[in-house]
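Given next are the chains, with one letter for each unit.
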Amino acid sequence: MSEQTMKRGAFFFGAGISRASGKPLAPEITQSALDEQWHLATDQIFYPGPAPNPALVDSVTPAVQQFLSAVNTIAREYIGELSRTPTPREPQYEDLFSLAHQVFRPEIDHTPNLAVVEFLRRLRTETEPLHSGFKGGSSGGVGFAGLADTACDFLHWVVHNKLTADEKPRSGLDAITETVKHVDELDIFTLNHDVLIEAQCRADAVDYEDGFADRHGELLAFNGWPERTRQKVRLFKLHGSVNWYLYDFPGWARQYAIPDKDAFHSHDQNGTLVRPADWKAAFLSGTVVKEQFYGIGFFGDIFAAFQRHLAPHKHLICCGYGFGDPGINSRIYQWLCDRLDGSNRLVVLNQGTEATFFADKPYWLQHLHEQRRLILVNKWLQDCTVADLAPYFDN
């Protein structure tokens, strides 16, 4: 089939598409981090619930949660000052991660972020009883910076635990695999860390390329996406995944990989145990701060592939994304402007009124809508049939 007659589709997904499958969204994850019981185990991993051995006193987790509560209070003030809606949104874990990350960075950066100086000063003062003498955190740091760094680790583990808990059956994703039957190529770009899309594809016997195809025993190492496609479906997880880990492969390299089974007890082709270099799964958190990784290293490669594979498409079907990531937004906007005739279109699946949709969105989306370059479809992905989506496939 010639390139001119091929039919292509492109999806862009955010966390909202996982709601039907029972995955918690940002508000639920934030509430868990602030209010539910967690403990730091001897392996320096945070787990839900009380410590199994009451004889081991965990003073770190209570300090971290009180610290994040203080961050949350200040964040609520800031959001209230900047809100464009009568009822400001509540802070979410992404905000808390970003703020905590930015206050410990000046301790180690030669060029500190001057924009956070006043926030840093206030937070340091208000949390002095928590960070004075703080030690034993998961990062090994001490004092204020050690507490802030450990708070970021804690949030990472809360997200990981909440997204990997299997509570409800997968639901609402059939339109993805149904689309595969009606196109010759499908690119799926997602910000989600969960593995629901992969599970949906496997359940419907849909093969896909996710950038991990270099087999090393019980692990698939990252080697990118070939120029000539091997499978009809390509999956790009721009913010990482709960099943990606950085491994030290003996005699070969340090590389990200997906283990077949247990992430911490996988073996290479020689039967040698391969240990993760970092025991945390490779996914990004933190409004603004995660953008620092978009152009470098492993995630830089993923974002380069995102832009390269998005370029041929004239329509991008979006669902579940709130347009709250400036780095993602700038790349989508760049793609919209790539064709001189302005023929690229952003299609947003969103059930509700236009006024509600635009109320808290970036102004450029309203401008695109006025130019008829943004198309709103009054349905969620879970309610769509292929007939709803087909007008936005490219020939």
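Look up: the structure comes first, before these words.
First things first, this report covers the structure right here in the doc. It should be emphasised that the depicted structure is a prediction, and the values quoted were computed from it without experimental measurement.

## Considering the overall build of the protein
Working step 1: If you tally the helices and strands in the protein, you get 13 helices and 15 strands.
Working step 2: The C-alpha radius of gyration of the protein comes to 22 Å, within 12% of the 21 Å expected for a compact globule of 395 residues.
Working step 3: Taken over the C-alpha atoms alone, the protein extends approximately 65 × 60 × 40 Å along its principal axes.
Working step 4: Taking all 395 residues of the protein together, the buried fraction comes to 51%.
Working step 5: Long-range contacts, defined as pairs at least 24 residues apart, comprise 72% of the intrachain contacts of the protein with a sequence gap of at least 6.
Working step 6: When the accessible surface of the protein is split by element, carbon and sulfur atoms take 50% of a total near 18,700 Å².

## Observations regarding the packing of aromatic side chains
Working step 1: Within this structure, the stated rule accounts for 30 aromatic pairs.
Working step 2: With 6.0 Å between their ring centres and 55° between their planes, Tyr247 and Phe249 make a pair best called tilted.
Working step 3: The ring of Phe144 has Arg124 sitting right over it, with the charged end atom 4.5 Å from the ring centre.
Working step 4: When the ring centre of Phe357 is taken as origin, the NZ or CZ atom of Lys361, which lies over that ring, is 4.5 Å away.

## Details of helix α6 (residues 143–164)
Working step 1: Taking 1.5 Å per residue as the helical rise, α6 with its 22 residues ought to reach 32 Å, and the 32 Å between its terminal C-alpha atoms agrees with that figure.
Working step 2: Taken across its 22 residues, α6 has 19 buried, putting it largely inside the fold.

## What about the sheet that holds strand β15 (residues 374–377)?
Working step 1: If you trace the seven strands from one edge of the open sheet to the other, you get β5-β8-β4-β1-β13-β14-β15, paired in parallel fashion. In this open sheet, the two strands that pair with only one neighbour each are β5 (208–209) and β15.
Working step 2: Two elements, strand β1 (residues 8–13) and strand β13 (residues 315–319), share three bridges in a ladder whose sense is parallel. Within β13, the residue paired with Phe11 across the bridge is Ile317.

## What about the sheet that holds strand β9 (residues 245–249)?
Working step 1: Taken in spatial order, the four strands of this open sheet run β6-β7-β10-β9, and their pairing is antiparallel. Each end of this open sheet is capped by a strand with a single partner; those strands are β6 (212–216) and β9. Each adjacent strand pair in this sheet contributes to an overall mean axis angle of 50°, direction not counted.
Working step 2: As paired strands, β9 and strand β10 (residues 253–259) are joined by five bridges and run antiparallel to one another. Residue pairing for β10: Tyr245 is matched across the bridge by Ala257.

## Some details on helix α3 (residues 93–104)
Working step 1: A rise of 1.5 Å per residue sets the reference length of α3, with its twelve residues, at 16 Å; its end C-alpha atoms lie 17 Å apart and thus fit the reference within 8%.
Working step 2: With respect to burial, α3 is a largely interior element, twelve of its twelve residues being buried.
Working step 3: For α3, the secondary structure elements touched by its buried residues are α1 (26–35), α2 (60–82), α4 (117–126) and α6.

## Here we look at the state of the cysteines
Working step 1: Under the definition given, this model contains zero disulfides.
Working step 2: No disulfide involves Cys318; its sulfur sits 7.1 Å from that of Cys319, the nearest cysteine.

## A closer look at the nonpolar core
Working step 1: If you look at the biggest cluster of nonpolar residues, it comprises 53 residues, and the most contacted ones within it are Phe67, Leu123, Phe154, Leu155 and Tyr247.
Working step 2: Residue assignment for this core shows that the elements contributing at least two residues are α1, β2 (38–40), α2, α3, α4, α6, β7 (219–222) and β9.
Working step 3: Excluding residues that lie within four positions of it along the chain, Leu123 makes contacts with Phe67, Ala70, Val71, Ile74, Val103 and Phe144.
Working step 4: Counting 39 residues, the second largest nonpolar core, distinct from the first, contains Phe222, Phe236, Leu246 and Leu374.

## Examining the pairing of strand β4 (residues 185–190)
Working step 1: With six of its six residues buried, β4 lies for the most part within the structure.
Working step 2: The alternating pattern of β4 places Glu185, Asp187 and Phe189 and Leu186, Ile188 and Thr190 on opposite faces, both of which are buried.
Working step 3: Pairing of β1 with β4 involves six bridges; the strand directions are parallel. Residue pairing for β4: Gly9 is matched across the bridge by Leu186.
Working step 4: As paired strands, β4 and strand β8 (residues 233–237) are joined by five bridges and run parallel to one another. Residue pairing in the sheet places Ile188 in a bridge with Leu235 of β8.

## Points about the pattern of salt bridges
Working step 1: Taken as a whole and assessed by the stated rule, the structure comprises 17 salt bridges.
Working step 2: Across the pair Lys162 and Glu36 runs a salt bridge whose closest N-O atoms are separated by 3.6 Å. With Lys162 in helix α6 and Glu36 in the loop between α1 and β2, this pair connects stretches of sequence that are 126 residues apart.
Working step 3: Owing to a relative accessible area of 32%, Glu36 belongs among the partly exposed residues under this scheme.
Working step 4: Asp388 is the salt-bridge partner of Lys379, the closest N and O atoms lying 3.0 Å from each other.
Working step 5: Judged by relative accessible area, Asp388 falls into the partly exposed class, the value being 22%.

What counts, and at which threshold
Residues numbered from 1 in each chain as written. Predicted model: local features only at pLDDT ≥ 70, side-chain atom pairs only at ≥ 80, totals over all residues. Heavy atoms only, no water. Helix = DSSP H or I, 4+ residues; strand = E, 2+ residues; numbered from the N terminus. Rg over C-alpha atoms; globule rule 2.2 N^0.38 Å. Buried < 20%, exposed > 50% of the residue type's maximum accessible area, 1.4 Å probe, protein only. Contact = heavy atoms within 4.5 Å. Areas by Shrake-Rupley, 256 points an atom, 1.4 Å probe, with all protein chains shown as cover. Phe/Tyr/Trp six-rings, centres within 6.5 Å; stacked < 30°, edge-to-face > 60°. Lys NZ or Arg CZ within 6 Å of the ring centre and 35° of its normal. Expected span 1.5 Å × (residues − 1). Pairing = 2+ DSSP bridges. Axes fitted to C-alpha atoms, helices over the stretch in contact; angles between N-to-C directions. Disulfide = S-S within 2.5 Å. Core = buried A, V, L, I, M, F, W, Y, C linked by side-chain atoms within 4.5 Å. Salt bridge = Lys/Arg side-chain N within 4 Å of Asp/Glu carboxyl O.

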